[in-house]
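Structural features, examined
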Amino acid sequence: MQIQEMKGDIGEICKRLNVKVTWLKPTDLGVNCANAKAKVIKVREISNTGDYAAALHEIGHTQCDADHKPEPGEGSVLQECRAWQWAIDQRGPKFDSAAWGRIGNGLKKYLKKARIDEGSAPSQCKEIMKRVEEHSVYAAPTPASLVPAKKRS
Ligand SMILES: [Zn+2]
């Protein structure tokens, strides 16, 4: 997917769901966030598929957590899972390994914050992590014989 296509898609989804989106420019301070109840999101301008997945995730918060206050601990992880699951349900087939990578990093961050080991994460979280794993690209190290020898100067 092209950047413009991803940005247009987010715009269309927001319009359809009546979510107000504010785009953060690279020079703007602040991080992606959602006010679920007010259906307002702030997201970084899209420059890759990870940003695209992250923007969908914030929309997900407005669809899944409108009636929930932000929760601590495991509750926060479950809220994250719901918003990621929503994003996956909408556009999962369009995600590449970078988009899945963003999901994995996002969940790991929240698990760490909640002091929960990946092994004892809620099952919904484990399910998503499994899919992240399936989509991650294993970059095999280049055999030494294929690395061009350094030129002598
Ligand atoms: Zn979130």
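Details of the structure are given in the entry above.
Residues numbered from 1 in each chain as written. Predicted model: local features only at pLDDT ≥ 70, side-chain atom pairs only at ≥ 80, totals over all residues.

This brings us to the packing of helix 2 (residues 49-64) against helix 3 (residues 73-91). The interhelical angle for the contact between helix 2 and helix 3, taken along N-to-C directions, is 115°, at an axis separation of 7 Å. With respect to helix 3, the axis of helix 2 lies roughly perpendicular. Considering the relative orientation of helix 2 and helix 3, their crossing is right-handed. Contacts between helix 2 and helix 3 involve Ala-53, Leu-56, His-57, Gly-60, His-61, Gln-63 and Cys-64 from the first element and Arg-82, Ala-83, Trp-84, Trp-86, Ala-87, Gln-90 and Arg-91 from the second. Tallied by class, the residues present in the contact of helix 2 with helix 3 amount to 7 nonpolar, 5 polar and 2 charged. (Axes fitted to C-alpha atoms, helices over the stretch in contact; angles between N-to-C directions. Helix = DSSP H or I, 4+ residues; strand = E, 2+ residues; numbered from the N terminus. Parallel < 35°, antiparallel > 145°, perpendicular 65-115°, else oblique. Left-handed = near helix turned anticlockwise from the far one by under 90°. Contact = placed C-beta atoms within 7 Å. Nonpolar A, V, L, I, M, F, W, Y, C, P; charged D, E, K, R; others polar.)

Our focus in this paragraph is the packing of helix 4 (residues 97-113) against helix 5 (residues 123-135). Look at helix 4 against helix 5: their axes get within 9 Å of each other, and the N-to-C directions meet at 145°. Once helix 4 is placed against helix 5, the crossing between them reads as left-handed. Counted together, Ser-97, Trp-100, Ile-103, Gly-104 and Leu-107 of helix 4 and Cys-125, Ile-128, Met-129, Val-132 and His-135 of helix 5 form the full contact between these two elements. A per-class count over the contact of helix 4 with helix 5 returns 7 nonpolar, 3 polar and no charged.

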